[in-house]
Amino acid sequence: MKRSILIKYLVTSVALISSIIITGCGDSKDDGSSPSNEVDSTVTLSGNVIDGYVQGATVTIGNSSETTDINGFWEISNIPASKNITIIAKGGTDTSTNEPFEGVLKAPVSGLEDLDTIAITPLSTLVSSVVDSGKSIDEATSTVANSLGITQETLKSDPIKLLKSGTDKQKQDAAIAIKKALVIQKMAETISKSASVLESEQHIIFDAVMDTVAAAINENKTFNIVVEDTATIVKDVAVQVKEENTEVVIKNLTEKLEASANAALEVVEAVQSMKESELFNADNIDTVLEEKAKAIEKVTNSIEEAVKKIATANSTDDILPIENAVAEAVSTAKKEFDKEDDSTTENDSTTEDSSTTEDGSTTEDDSTTGGSTLPADITVSSTITISNGW
(Lines give C-alpha, C1' and ligand atoms only; values in the text may rest on other atoms or scores of the structure.)
Protein backbone atom coordinates (compact mmCIF):
# COMPACT_ATOMS: atom_id res chain seq x y z
CA MET A 1 0.00 0.00 0.00
CA LYS A 2 2.77 2.44 0.95
CA ARG A 3 4.67 1.55 -2.23
CA SER A 4 1.56 2.28 -4.32
CA ILE A 5 1.12 5.67 -2.71
CA LEU A 6 4.81 6.48 -3.20
CA ILE A 7 4.66 5.59 -6.93
CA LYS A 8 1.51 7.69 -7.36
CA TYR A 9 3.23 10.64 -5.62
CA LEU A 10 6.31 10.38 -7.84
CA VAL A 11 4.24 10.23 -11.04
CA THR A 12 2.25 13.28 -9.96
CA SER A 13 5.45 15.20 -9.13
CA VAL A 14 7.05 14.41 -12.51
CA ALA A 15 3.91 15.55 -14.32
CA LEU A 16 3.85 18.79 -12.35
CA ILE A 17 7.51 19.52 -13.09
CA SER A 18 6.99 18.81 -16.79
CA SER A 19 4.05 21.20 -16.94
CA ILE A 20 6.12 23.94 -15.32
CA ILE A 21 8.78 23.57 -18.00
CA ILE A 22 6.55 23.54 -21.07
CA THR A 23 3.37 25.42 -20.17
CA GLY A 24 2.96 29.03 -21.29
CA CYS A 25 0.28 31.65 -21.79
CA GLY A 26 -0.97 34.15 -24.39
CA ASP A 27 0.57 37.08 -26.25
CA SER A 28 1.97 40.03 -24.35
CA LYS A 29 1.57 43.76 -24.74
CA ASP A 30 4.35 46.31 -25.26
CA ASP A 31 4.49 46.88 -21.51
CA GLY A 32 5.74 43.32 -21.06
CA SER A 33 2.55 42.04 -19.43
CA SER A 34 1.01 38.64 -20.11
CA PRO A 35 -2.74 39.17 -19.64
CA SER A 36 -4.30 35.89 -20.78
CA ASN A 37 -4.07 32.16 -19.97
CA GLU A 38 -1.88 32.82 -16.95
CA VAL A 39 -0.38 29.81 -15.19
CA ASP A 40 1.53 29.25 -12.00
CA SER A 41 4.85 28.44 -13.74
CA THR A 42 7.57 31.09 -13.77
CA VAL A 43 10.90 31.69 -15.48
CA THR A 44 14.08 33.62 -14.78
CA LEU A 45 15.27 35.83 -17.63
CA SER A 46 18.61 37.62 -17.94
CA GLY A 47 20.68 39.45 -20.52
CA ASN A 48 22.37 42.70 -21.48
CA VAL A 49 21.19 46.12 -22.65
CA ILE A 50 23.48 47.10 -25.51
CA ASP A 51 23.98 50.38 -27.33
CA GLY A 52 27.40 50.00 -26.08
CA TYR A 53 26.77 48.32 -22.74
CA VAL A 54 24.23 50.48 -20.89
CA GLN A 55 24.78 50.83 -17.15
CA GLY A 56 21.93 51.93 -14.89
CA ALA A 57 19.17 51.18 -17.40
CA THR A 58 15.81 50.13 -16.01
CA VAL A 59 14.71 46.80 -17.48
CA THR A 60 11.00 46.04 -17.10
CA ILE A 61 8.97 42.88 -17.60
CA GLY A 62 5.35 43.37 -16.57
CA ASN A 63 5.42 44.63 -12.98
CA SER A 64 9.00 43.51 -12.33
CA SER A 65 12.08 45.63 -13.00
CA GLU A 66 15.82 45.57 -12.44
CA THR A 67 18.74 47.96 -13.00
CA THR A 68 21.68 47.00 -15.21
CA ASP A 69 25.29 46.82 -14.04
CA ILE A 70 28.39 48.22 -15.78
CA ASN A 71 28.17 45.47 -18.42
CA GLY A 72 24.51 46.18 -19.10
CA PHE A 73 23.61 42.93 -17.34
CA TRP A 74 20.24 42.33 -15.69
CA GLU A 75 18.33 39.37 -14.28
CA ILE A 76 14.68 39.13 -13.30
CA SER A 77 13.17 36.10 -11.60
CA ASN A 78 9.63 34.83 -11.05
CA ILE A 79 8.34 36.00 -14.42
CA PRO A 80 5.09 34.21 -15.39
CA ALA A 81 5.91 31.89 -18.29
CA SER A 82 4.37 33.20 -21.49
CA LYS A 83 4.40 32.44 -25.19
CA ASN A 84 5.51 36.02 -25.86
CA ILE A 85 7.22 38.31 -23.36
CA THR A 86 8.28 41.85 -24.22
CA ILE A 87 11.25 43.22 -22.30
CA ILE A 88 11.65 47.01 -22.17
CA ALA A 89 14.78 49.02 -21.30
CA LYS A 90 15.02 52.76 -20.64
CA GLY A 91 17.55 55.20 -19.23
CA GLY A 92 21.07 54.57 -18.02
CA THR A 93 24.46 55.52 -19.40
CA ASP A 94 26.24 54.20 -22.48
CA THR A 95 29.55 53.05 -21.00
CA SER A 96 31.37 53.44 -24.32
CA THR A 97 30.72 57.20 -24.44
CA ASN A 98 29.65 58.04 -20.86
CA GLU A 99 26.63 59.74 -22.41
CA PRO A 100 23.04 59.21 -21.21
CA PHE A 101 21.21 56.53 -23.15
CA GLU A 102 18.21 58.01 -24.96
CA GLY A 103 15.21 56.19 -26.30
CA VAL A 104 13.46 52.92 -25.54
CA LEU A 105 14.78 49.46 -26.41
CA LYS A 106 12.75 46.26 -26.52
CA ALA A 107 13.26 42.54 -27.02
CA PRO A 108 10.52 39.96 -27.62
CA VAL A 109 11.25 36.52 -26.22
CA SER A 110 9.38 33.31 -25.52
CA GLY A 111 9.25 32.24 -21.90
CA LEU A 112 8.74 28.68 -23.14
CA GLU A 113 12.19 28.43 -24.70
CA ASP A 114 15.49 27.47 -23.10
CA LEU A 115 16.96 30.97 -23.41
CA ASP A 116 20.56 32.03 -23.13
CA THR A 117 21.26 35.63 -22.17
CA ILE A 118 18.97 38.05 -24.02
CA ALA A 119 20.46 40.94 -25.98
CA ILE A 120 18.27 44.05 -25.84
CA THR A 121 19.48 46.25 -28.70
CA PRO A 122 18.15 48.68 -31.31
CA LEU A 123 17.93 45.69 -33.67
CA SER A 124 15.92 43.57 -31.21
CA THR A 125 13.62 46.60 -30.98
CA LEU A 126 12.95 46.31 -34.72
CA VAL A 127 12.12 42.63 -34.20
CA SER A 128 9.69 43.62 -31.44
CA SER A 129 7.94 46.05 -33.79
CA VAL A 130 7.58 43.35 -36.46
CA VAL A 131 6.12 40.99 -33.83
CA ASP A 132 3.58 43.68 -32.96
CA SER A 133 2.47 43.66 -36.59
CA GLY A 134 1.32 40.06 -36.20
CA LYS A 135 4.31 37.83 -36.96
CA SER A 136 5.69 35.23 -34.60
CA ILE A 137 9.04 35.89 -32.92
CA ASP A 138 10.78 33.41 -35.23
CA GLU A 139 9.19 34.96 -38.33
CA ALA A 140 10.06 38.48 -37.21
CA THR A 141 13.64 37.52 -36.40
CA SER A 142 14.05 35.96 -39.84
CA THR A 143 12.57 39.02 -41.59
CA VAL A 144 14.83 41.52 -39.80
CA ALA A 145 17.95 39.36 -40.13
CA ASN A 146 17.41 39.03 -43.89
CA SER A 147 16.97 42.80 -44.25
CA LEU A 148 20.17 43.45 -42.30
CA GLY A 149 22.16 40.77 -44.12
CA ILE A 150 23.16 38.90 -40.97
CA THR A 151 22.28 35.54 -39.41
CA GLN A 152 19.42 35.12 -36.96
CA GLU A 153 21.94 33.88 -34.39
CA THR A 154 23.86 37.16 -34.62
CA LEU A 155 20.67 39.20 -34.40
CA LYS A 156 19.74 37.50 -31.12
CA SER A 157 23.25 37.57 -29.64
CA ASP A 158 25.50 40.08 -27.91
CA PRO A 159 27.48 41.44 -30.90
CA ILE A 160 30.34 42.65 -28.72
CA LYS A 161 30.98 39.13 -27.42
CA LEU A 162 30.76 37.72 -30.94
CA LEU A 163 33.22 40.33 -32.17
CA LYS A 164 35.70 39.24 -29.52
CA SER A 165 35.35 35.47 -29.57
CA GLY A 166 33.28 34.37 -32.57
CA THR A 167 34.32 32.74 -35.82
CA ASP A 168 35.39 34.97 -38.71
CA LYS A 169 31.86 34.87 -40.10
CA GLN A 170 30.36 35.68 -36.71
CA LYS A 171 32.76 38.59 -36.28
CA GLN A 172 31.84 39.99 -39.69
CA ASP A 173 28.13 39.70 -38.92
CA ALA A 174 28.68 41.26 -35.49
CA ALA A 175 30.43 44.25 -37.08
CA ILE A 176 27.46 44.72 -39.42
CA ALA A 177 25.04 44.43 -36.50
CA ILE A 178 26.93 47.01 -34.44
CA LYS A 179 27.05 49.48 -37.31
CA LYS A 180 23.39 49.14 -38.23
CA ALA A 181 22.27 49.30 -34.60
CA LEU A 182 24.09 52.63 -34.35
CA VAL A 183 22.41 53.81 -37.56
CA ILE A 184 18.86 53.20 -36.38
CA GLN A 185 19.54 54.38 -32.82
CA LYS A 186 21.13 57.69 -33.82
CA MET A 187 18.57 58.37 -36.54
CA ALA A 188 15.68 57.76 -34.12
CA GLU A 189 17.29 60.04 -31.51
CA THR A 190 17.74 62.85 -34.04
CA ILE A 191 14.17 62.70 -35.34
CA SER A 192 12.62 62.44 -31.86
CA LYS A 193 14.51 65.47 -30.56
CA SER A 194 13.16 67.65 -33.37
CA ALA A 195 9.56 67.09 -32.27
CA SER A 196 9.51 67.90 -28.57
CA VAL A 197 11.61 68.93 -25.60
CA LEU A 198 9.69 66.53 -23.35
CA GLU A 199 11.30 63.14 -22.82
CA SER A 200 7.95 61.33 -22.72
CA GLU A 201 7.00 62.73 -26.13
CA GLN A 202 10.46 62.01 -27.51
CA HIS A 203 9.99 58.38 -26.50
CA ILE A 204 6.71 58.27 -28.44
CA ILE A 205 8.47 59.59 -31.55
CA PHE A 206 11.39 57.19 -30.99
CA ASP A 207 8.98 54.23 -30.86
CA ALA A 208 7.23 55.46 -34.00
CA VAL A 209 10.55 55.67 -35.89
CA MET A 210 11.32 52.07 -34.94
CA ASP A 211 7.82 50.98 -35.98
CA THR A 212 8.07 52.82 -39.30
CA VAL A 213 11.43 51.27 -40.20
CA ALA A 214 10.20 47.85 -39.08
CA ALA A 215 7.07 48.19 -41.25
CA ALA A 216 9.23 48.83 -44.32
CA ILE A 217 11.51 45.90 -43.43
CA ASN A 218 8.39 43.75 -43.04
CA GLU A 219 7.71 44.48 -46.72
CA ASN A 220 11.04 42.80 -47.52
CA LYS A 221 12.94 46.05 -48.10
CA THR A 222 16.64 46.13 -47.27
CA PHE A 223 17.71 48.06 -44.20
CA ASN A 224 20.05 50.48 -45.98
CA ILE A 225 17.42 51.54 -48.51
CA VAL A 226 14.87 52.09 -45.75
CA VAL A 227 17.00 54.23 -43.41
CA GLU A 228 18.36 56.43 -46.20
CA ASP A 229 14.82 57.52 -47.13
CA THR A 230 14.42 59.78 -44.10
CA ALA A 231 11.90 62.01 -45.90
CA THR A 232 9.45 59.11 -46.08
CA ILE A 233 10.25 57.97 -42.55
CA VAL A 234 9.40 61.33 -40.93
CA LYS A 235 6.13 61.61 -42.87
CA ASP A 236 5.06 58.12 -41.80
CA VAL A 237 6.09 58.81 -38.21
CA ALA A 238 3.92 61.94 -38.11
CA VAL A 239 0.92 59.96 -39.38
CA GLN A 240 1.42 57.13 -36.88
CA VAL A 241 1.84 59.41 -33.88
CA LYS A 242 -1.32 61.35 -34.74
CA GLU A 243 -3.36 58.18 -35.29
CA GLU A 244 -2.14 56.10 -32.36
CA ASN A 245 -1.45 58.74 -29.72
CA THR A 246 -4.52 60.94 -29.83
CA GLU A 247 -3.98 61.96 -26.21
CA VAL A 248 -0.67 63.56 -27.17
CA VAL A 249 -0.83 66.76 -29.19
CA ILE A 250 2.50 68.07 -30.47
CA LYS A 251 2.05 71.41 -32.19
CA ASN A 252 3.23 71.51 -35.83
CA LEU A 253 4.42 67.91 -35.54
CA THR A 254 4.51 67.16 -39.26
CA GLU A 255 6.43 70.33 -40.10
CA LYS A 256 8.92 69.79 -37.29
CA LEU A 257 9.64 66.22 -38.31
CA GLU A 258 9.99 67.15 -41.99
CA ALA A 259 12.49 69.83 -40.99
CA SER A 260 14.64 67.14 -39.36
CA ALA A 261 14.78 64.81 -42.39
CA ASN A 262 18.01 66.14 -43.90
CA ALA A 263 19.77 66.21 -40.54
CA ALA A 264 18.65 62.62 -39.87
CA LEU A 265 20.03 61.57 -43.25
CA GLU A 266 23.42 63.12 -42.42
CA VAL A 267 23.46 61.14 -39.17
CA VAL A 268 22.69 57.94 -41.08
CA GLU A 269 25.47 58.62 -43.58
CA ALA A 270 27.94 59.48 -40.81
CA VAL A 271 27.45 56.12 -39.14
CA GLN A 272 27.31 54.23 -42.45
CA SER A 273 30.76 55.58 -43.32
CA MET A 274 32.29 53.47 -40.54
CA LYS A 275 34.33 50.60 -42.01
CA GLU A 276 33.26 47.21 -40.71
CA SER A 277 36.68 45.67 -41.39
CA GLU A 278 38.22 47.97 -38.76
CA LEU A 279 35.98 46.32 -36.20
CA PHE A 280 36.39 42.63 -36.98
CA ASN A 281 40.10 42.93 -37.82
CA ALA A 282 40.99 44.93 -34.70
CA ASP A 283 43.61 43.57 -32.32
CA ASN A 284 42.00 45.34 -29.37
CA ILE A 285 38.23 45.25 -29.80
CA ASP A 286 37.44 47.35 -26.71
CA THR A 287 39.76 50.16 -27.76
CA VAL A 288 38.44 50.30 -31.31
CA LEU A 289 34.78 50.12 -30.28
CA GLU A 290 35.19 52.93 -27.79
CA GLU A 291 36.90 55.22 -30.26
CA LYS A 292 34.31 54.48 -32.95
CA ALA A 293 31.48 55.19 -30.52
CA LYS A 294 32.99 58.48 -29.37
CA ALA A 295 33.65 59.61 -32.93
CA ILE A 296 30.07 58.89 -33.96
CA GLU A 297 28.74 60.47 -30.77
CA LYS A 298 30.64 63.68 -31.46
CA VAL A 299 29.18 64.28 -34.91
CA THR A 300 25.66 63.14 -34.01
CA ASN A 301 25.60 65.25 -30.84
CA SER A 302 26.48 68.34 -32.87
CA ILE A 303 23.61 67.66 -35.23
CA GLU A 304 21.17 66.71 -32.46
CA GLU A 305 21.89 69.91 -30.54
CA ALA A 306 20.96 71.90 -33.64
CA VAL A 307 17.85 69.81 -34.27
CA LYS A 308 16.59 70.43 -30.73
CA LYS A 309 15.87 74.04 -31.73
CA ILE A 310 13.20 72.84 -34.15
CA ALA A 311 11.25 71.47 -31.19
CA THR A 312 11.02 74.96 -29.67
CA ALA A 313 9.30 76.49 -32.72
CA ASN A 314 5.93 78.03 -31.85
CA SER A 315 4.64 78.28 -35.41
CA THR A 316 5.36 77.03 -38.91
CA ASP A 317 6.84 80.45 -39.69
CA ASP A 318 9.48 79.85 -37.02
CA ILE A 319 10.52 76.48 -38.43
CA LEU A 320 12.11 77.60 -41.72
CA PRO A 321 14.79 79.89 -40.22
CA ILE A 322 15.56 77.23 -37.60
CA GLU A 323 15.82 74.61 -40.35
CA ASN A 324 18.32 76.85 -42.16
CA ALA A 325 20.35 77.16 -38.96
CA VAL A 326 20.30 73.37 -38.59
CA ALA A 327 21.63 73.02 -42.14
CA GLU A 328 24.51 75.35 -41.28
CA ALA A 329 25.29 73.38 -38.13
CA VAL A 330 25.30 70.14 -40.11
CA SER A 331 27.66 71.66 -42.66
CA THR A 332 30.01 72.80 -39.90
CA ALA A 333 30.00 69.35 -38.28
CA LYS A 334 30.81 67.75 -41.63
CA LYS A 335 33.77 70.08 -42.22
CA GLU A 336 35.17 69.44 -38.74
CA PHE A 337 35.00 65.69 -39.21
CA ASP A 338 36.50 65.89 -42.66
CA LYS A 339 39.49 67.72 -41.15
CA GLU A 340 39.86 65.14 -38.39
CA ASP A 341 39.60 62.36 -40.94
CA ASP A 342 42.25 63.92 -43.18
CA SER A 343 44.66 64.19 -40.26
CA THR A 344 44.15 60.64 -39.04
CA THR A 345 43.92 58.72 -42.30
CA GLU A 346 47.51 59.70 -43.14
CA ASN A 347 48.59 57.36 -40.36
CA ASP A 348 46.24 54.59 -41.46
CA SER A 349 46.65 54.68 -45.23
CA THR A 350 47.41 50.98 -45.35
CA THR A 351 44.01 49.99 -43.93
CA GLU A 352 42.16 47.78 -46.41
CA ASP A 353 38.42 47.71 -47.06
CA SER A 354 38.31 43.94 -47.31
CA SER A 355 39.29 41.00 -45.18
CA THR A 356 40.01 37.34 -45.73
CA THR A 357 37.93 34.80 -43.85
CA GLU A 358 38.96 31.41 -42.57
CA ASP A 359 37.79 29.78 -45.81
CA GLY A 360 39.88 32.17 -47.92
CA SER A 361 36.99 34.27 -49.25
CA THR A 362 37.15 38.05 -49.30
CA THR A 363 34.54 40.24 -47.65
CA GLU A 364 34.02 43.88 -48.68
CA ASP A 365 32.84 46.65 -46.37
CA ASP A 366 29.27 47.88 -46.78
CA SER A 367 30.29 51.51 -46.24
CA THR A 368 29.06 53.25 -49.38
CA THR A 369 26.48 55.88 -48.53
CA GLY A 370 25.61 57.53 -51.79
CA GLY A 371 28.25 60.23 -51.97
CA SER A 372 28.21 61.59 -48.43
CA THR A 373 31.28 63.45 -47.25
CA LEU A 374 30.60 62.57 -43.62
CA PRO A 375 33.37 61.28 -42.99
CA ALA A 376 35.09 59.13 -45.61
CA ASP A 377 36.46 56.91 -42.88
CA ILE A 378 36.64 57.04 -39.09
CA THR A 379 40.07 55.76 -38.28
CA VAL A 380 41.32 54.37 -35.01
CA SER A 381 44.37 54.78 -32.86
CA SER A 382 45.74 52.92 -29.85
CA THR A 383 45.47 55.78 -27.38
CA ILE A 384 41.93 55.34 -26.08
CA THR A 385 41.30 53.86 -22.65
CA ILE A 386 39.88 50.34 -22.86
CA SER A 387 36.11 50.09 -22.40
CA ASN A 388 33.53 47.32 -22.55
CA GLY A 389 31.16 49.21 -24.84
CA TRP A 390 30.85 50.24 -28.46
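Residues numbered from 1 in each chain as written. Predicted model: local features only at pLDDT ≥ 70, side-chain atom pairs only at ≥ 80, totals over all residues. Heavy atoms only, no water.

Moving on to the overall build of the protein chain. Across its full length, the protein chain carries 14 helices and 12 strands. Within the protein chain, residue pairs in contact and separated by at least 24 positions form 71% of the contacts whose partners lie at least 6 positions apart. Accessible surface computed for the protein chain: about 17900 Å², of which carbon and sulfur atoms make up 48%. (Helix = DSSP H or I, 4+ residues; strand = E, 2+ residues; numbered from the N terminus. Contact = heavy atoms within 4.5 Å. Areas by Shrake-Rupley, 256 points an atom, 1.4 Å probe, with all protein chains shown as cover.)

Once that is clear, we can look at the pattern of salt bridges. Summed over the entire model, instances satisfying the criterion amount to 11 salt bridges. The closest approach of N and O atoms between K193 and E304, which form a salt bridge, is 2.6 Å. Placement of the pair is K193 in helix α6 (residues 168-195) and E304 in helix α13 (residues 285-311), with a sequence separation of 111 residues. The closest approach of N and O atoms between E219 and K221, which form a salt bridge, is 3.7 Å. (Salt bridge = Lys/Arg side-chain N within 4 Å of Asp/Glu carboxyl O.)

This paragraph deals with the nonpolar core. Within the largest apolar cluster, 65 residues are counted, with the highest numbers of intra-cluster contacts made by L126, M187, I205 and V213. Examining the composition of this core, we find that 13 residues originate from one element, α6, more than from any other. Apart from residues lying up to four places away in sequence, V213 is in contact with L126, I184, M187, V226, V227 and I233. Judged by nonpolar contacts, the second largest core, of 20 residues, contains V43, V49, W74 and I85. (Core = buried A, V, L, I, M, F, W, Y, C linked by side-chain atoms within 4.5 Å. Buried < 20%, exposed > 50% of the residue type's maximum accessible area, 1.4 Å probe, protein only.)

So, about the pairing of strand β3 (residues 58-61). Burial along β3 is one-sided: V59 and I61 are buried, and none of T58 and T60, which face the opposite way, are. In this sheet, strand β4 (residues 64-67) lies alongside β3 in antiparallel orientation, the contact comprising 4 bridges. By the bridge assignment, V59 is partnered in β4 with E66. Of the pairings in the sheet, the one linking β3 to strand β6 (residues 85-90) comprises 3 bridges and is antiparallel in character. Bridge pairing in β6 places T58 opposite K90. (Pairing = 2+ DSSP bridges.)

Within the open sheet, the 4 strands sit side by side as β4-β3-β6-β9. Their pairing is antiparallel. The outermost strands of the open sheet, each flanked by one partner alone, are β4 and β9 (104-109). Across this sheet, the average inter-strand angle for adjacent strands is 20 degrees, counted without regard to direction. (Axes fitted to C-alpha atoms, helices over the stretch in contact; angles between N-to-C directions.)

A few words on the packing of helix α2 (residues 122-132) against α6. Where α2 contacts α6, the two axes come as close as 8 Å, and the packing angle between them is 70 degrees. Classified by the angle their axes make, α2 and α6 are roughly perpendicular. Touching P122, L123 and L126 of α2 are A177, K180, A181, I184 and Q185, all from α6. Across the contact of α2 with α6, the residue classes break down as 6 nonpolar, 1 polar and 1 charged. (Parallel < 35°, antiparallel > 145°, perpendicular 65-115°, else oblique. Nonpolar A, V, L, I, M, F, W, Y, C, P; charged D, E, K, R; others polar.)

This part covers the sheet that holds strand β1 (residues 42-49). Spatial ordering of the open sheet is given by β5-β1-β10, a layout of 3 strands whose pairing is mixed. Either end of the sheet is taken by a strand with one partner, and the two such strands are β5 (73-80) and β10 (118-120). Between one strand and the next, the sheet's axes are offset by a mean angle of 35 degrees, whatever the strand orientation. Bridge count for β1 against β10 is 3 bridges, and the pairing is parallel. Note that in β10 the partner of G47 across the bridge is I118.

Quick look at α2 now. Across the 11 residues that make up α2, a large majority, 10, are buried. Buried residues of α2: P122, L123, S124, T125, L126, V127, S128, S129, V130 and V131, and no others. Put simply, T121 is the residue that caps the front of α2, since its side-chain oxygen is 3.1 Å from the backbone nitrogen of L123. (Polar contact = N/O pair within 3.5 Å; in protein donor to acceptor, adjacent residues only side chain to side chain.)

Another aspect to go through is the packing of helix α11 (residues 261-272) against α13. Between two packed helices, what matters for the description is the angle formed by their axes and the separation of those axes. Between α11 and α13, whose axes approach to 10 Å, the crossing angle comes to 180 degrees. In terms of orientation, α11 and α13 fall into the roughly antiparallel class. Between α11 and α13, the residues in contact are A263, E266, V267, A270 and V271 and I296, V299, T300, I303 and V307, respectively. Its residues assigned to classes, the contact of α11 with α13 shows 8 nonpolar, 1 polar and 1 charged.

In this section: the confidence of the model for the protein chain. The predicted model of the protein chain has a mean per-residue pLDDT of 79, with 74% of residues at 70 or higher. The low-confidence segment residues 1-39, where pLDDT is below 50, has 51 contacts with residues more than four positions distant or belonging to other chains. (pLDDT = per-residue confidence, 0-100.)

Looking now at the side chain of T300. Inspection of the secondary structure assignment puts T300 in helix α13. Among the polar contacts listed, one links the side chain of T300 to the backbone oxygen of E297, at a separation of 3.2 Å. Setting aside residues up to four positions removed in sequence, T300 forms contacts with K186 and V267.

Checked against the element boundaries, T68 lands in the loop between β4 and β5. With 15 residues separating them along the chain, T68 and Y53 place their C-alpha atoms 9.2 Å apart. If near-sequence neighbours (up to four positions away) are discounted, T68 is found in contact with V49, V54, Q55, G56, A57, V59, F73 and W74. A polar side-chain atom of T68 sits 3.0 Å from the main-chain amide nitrogen of G56.

Let's shift gears to unusual backbone geometry. Most peptide bonds are trans, and most residues other than glycine sit at a negative phi. Of note in the backbone geometry, N98 takes a positive phi value of approximately 60 degrees without being a glycine. Residue position: N98 is located in the loop between β7 (93-94) and β8 (99-100). For N98, a relative accessible area of 60% translates into the label exposed. Even without glycine at this site, N252 takes up a positive phi of about 55 degrees. Relative to the helices and strands, N252 is located in the loop between α9 (230-244) and α10 (253-259).

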